[in-house]
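What the coordinates show
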Amino acid sequence: MKILVAEDDGVTLTLLVRLLSQKYEVVAAPDGRAAWEALRQSDGPQLAVVDWQMPGLDGPEICRRLRASGETRPMYVLLLTATRKTTRDVVSGLHAGADDYLTKPFHPEELLARVGVGQRMLQLQEGLAQRVRELEEAFRNVRRLEGLLPICAWCKRIRCDQHYWQELESYLSERSEVTFTHGVCPQCQEKQRGEAAAARASRAAG
């Protein structure tokens, strides 16, 4: 997972990068504007550790912009602060759009644990989004099966959306949970017996 670390204090930034690089790919930003630009990239980090007070844009403003941007990817933001420690400050940061909050100086193990929680949350959201996409695709397939199907009157193949003809069994198998078993209906059995009897009579007459 790619993580953004935004911190204007060089010593703390180096410490954070060194600590998180043990498990993650880290993108470092020395101020709020660089952090915002990194988060705006289509392949940018989805998890950010952001200092509250930075030049350009502070941590809460970055959170507000993220939540107002209509970003479709799941995003998780952990705010760091050395001075904003009151309950009112915590509530203010969370209202701005932060997912978690940690005061400095922090214990490295606590930081890693909180980042791990963020990673699990993102994975759960990604899994849920994938499940929603699968359900939407299944719903589209059901709607397609409920509508009119262009079928060849001779060979009974189905014309697909891509305008090629597909066997009925493979068409239904790809778009539903139908599993086919094969047998012969009484009408076809009778037809086959009749054709076989006619063939034997023809050979005997010849």
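Shown above is the structure to which this text applies.
In this report, the structure presented in the accompanying data block is examined. All values derive from a computational prediction rather than experimental measurement.

**Digging into the overall build of the chain**
The helix and strand inventory of the chain stands at seven helices and seven strands. In the chain, the succession of α and β elements from N to C terminus is β-α-β-α-β-α-β-α-β-α-β-β-α-α. Against the compact-globule benchmark of 17 Å for 206 residues, the chain has a radius of gyration of 31 Å, which places it well outside the compact range. C-alpha extents for the chain along the principal axes are approximately 105 × 30 × 30 Å. A fraction of 54% describes how many contacts in the chain between residues 6 or more apart in sequence connect residues 24 or more apart. As displayed, the chain offers around 13,300 Å² of accessible surface, 54% of which is attributable to carbon and sulfur atoms. Put simply, the chain has 28 plus and 28 minus side-chain charges, and the middle of one group is 6 Å from the middle of the other.

**Some remarks on the side chain of T81**
Locating T81 in the fold gives a position in strand β4 (residues 76-81). In this view, T81 contacts D51, W52, Y101, L102, T103 and K104; residues no more than four positions away in its chain are not counted.

**Describing helix α3 (residues 59-68)**
Within α3, burial applies to G59, P60, I62, C63 and L66. Along the axis of α3, the buried residues cluster in a sector spanning 160°; they form a single face. Residues of α3 that are buried make contact with α2 (32-40), β3 (47-51), β4 and α4 (87-96).

**A closer look at the packing of aromatic side chains**
Scanning the entire structure with this criterion turns up one aromatic pair. Taken together, a centroid distance of 6.1 Å and an interplanar angle of 85° make the contact between W52 and Y101 edge-to-face. A residue pair is termed long-range when its members are at least 10 positions apart, and W52 in the loop between β3 and α3 and Y101 in strand β5 (residues 100-103) qualify at 49 residues.

**Topic: the packing of α2 against α3**
Relative to each other, α2 and α3 sit at 25°, their axes nearing to 10 Å. In terms of orientation, α2 lies roughly parallel with respect to α3. Read as a crossing pair, α2 and α3 show a hand that is right-handed. Together, G32, A35, W36 and L39 of α2 and I62, R65 and L66 of α3 make up the contact between the two elements. Here the contact of α2 with α3 is composed, by residue class, of five nonpolar, one polar and one charged.

**A few points about the pattern of salt bridges**
Within this structure, the stated rule accounts for nine salt bridges. The salt bridge involving E37 is made with R40; its shortest N-O contact spans 3.4 Å. Of this pair, E37 and R40 both sit in helix α2, three residues apart, roughly one helical turn. A salt bridge links D51 to K104, with the shortest nitrogen-to-oxygen separation between them at 3.2 Å. Here D51, found in strand β3, pairs with K104, found in the loop between β5 and α5 (108-146); they are 53 residues apart in sequence, far enough to count as distant. Across this residue pair, the class does not change: D51 and K104 are buried. A single salt-bridge network, built from bridges that share partners, covers E7, D51 and K104.

**Some details on the pairing of β3**
Of all five residues making up β3, five are buried, and the element is well covered by its neighbours. The two faces of β3 match: L47, V49 and D51 on one face and A48 and V50 on the other face are all buried. Pairing of strand β1 (residues 2-6) with β3 involves four bridges; the strand directions are parallel. Of the residues in β3, the one forming a bridge with L4 is A48.

**Digging into the side chain of K104**
In this structure K104 comes out as buried when scored by relative accessible area, which is 14%. Here D51 takes part through its side chain, which lies 3.2 Å from a polar atom of the side chain of K104. Filtering out sequence-adjacent residues up to four positions away, K104 remains in contact with E7, T12, D51, T81, A82 and K85.

About the thresholds
Every residue gets a number counted from 1 within its own chain, in the order that chain's sequence is written. Two thresholds apply to this predicted model, a pLDDT of at least 70 for residue-level local features and 80 or more for giving and counting side-chain atom pairs, whereas whole-chain, interface and lining totals are computed over all residues. Only heavy atoms go into the side-chain values, all of them from the structure, while hydrogens and water stay out. Note on conventions: DSSP H or I runs of at least 4 residues are helices, E runs of at least 2 residues are strands, and numbering of each starts at the N terminus. We take the radius of gyration over the C-alpha atoms and set the globule estimate at 2.2 Å times the residue count to the 0.38 power. For this analysis, residues touch if any pair of their heavy atoms sits within 4.5 Å. Surface exposure here means Shrake-Rupley accessible area, sampled with a 1.4 Å probe, where a residue is shielded only by the protein chains that are shown. We count Lys and Arg on the positive side and Asp and Glu on the negative side, and we leave His and both chain ends out. Taken as the charge location is NZ of Lys, CZ of Arg, CG of Asp or CD of Glu. For each residue, the accessible area found with a 1.4 Å probe, counting protein chains only, is set against the maximum for its type, and the residue is called buried under 20%, exposed over 50%, and partly exposed in between. Directions pointing from the helix axis toward each C-beta atom define the arc. Stacked, tilted and edge-to-face pairs are distinguished by plane angle, under 30 degrees for stacked and over 60 for edge-to-face with tilted covering the rest, among Phe, Tyr and Trp rings (Trp via its six-membered ring) whose centres lie within 6.5 Å. For every element, the axis is a line fit to its C-alpha atoms; helices are fit only across the contacting stretch, and the angle between N-to-C directions ranges from 0 to 180 degrees. Roughly parallel here means an angle under 35 degrees, roughly antiparallel means over 145, roughly perpendicular means 65 to 115, and every remaining angle is called oblique. Definitions for this section: a left-handed crossing has its near helix turned counterclockwise from the far helix by less than a right angle. A right-handed crossing has that turn clockwise. Polar here means any residue outside two lists: the nonpolar Ala, Val, Leu, Ile, Met, Phe, Trp, Tyr, Cys and Pro, and the charged Asp, Glu, Lys and Arg; Gly therefore counts as polar. Whenever a carboxyl oxygen of Asp or Glu lies within 4 Å of a side-chain nitrogen of Lys or Arg, that contact is scored as a salt bridge. A strand pair is defined by DSSP finding two or more bridges across the two strands. Throughout this description, a polar contact denotes any pair of N or O atoms lying within 3.5 Å of each other; where both atoms belong to protein, one of them has to be capable of donating a hydrogen while the other can accept it, and for residues adjacent in sequence the pair is counted only when both atoms sit in side chains.

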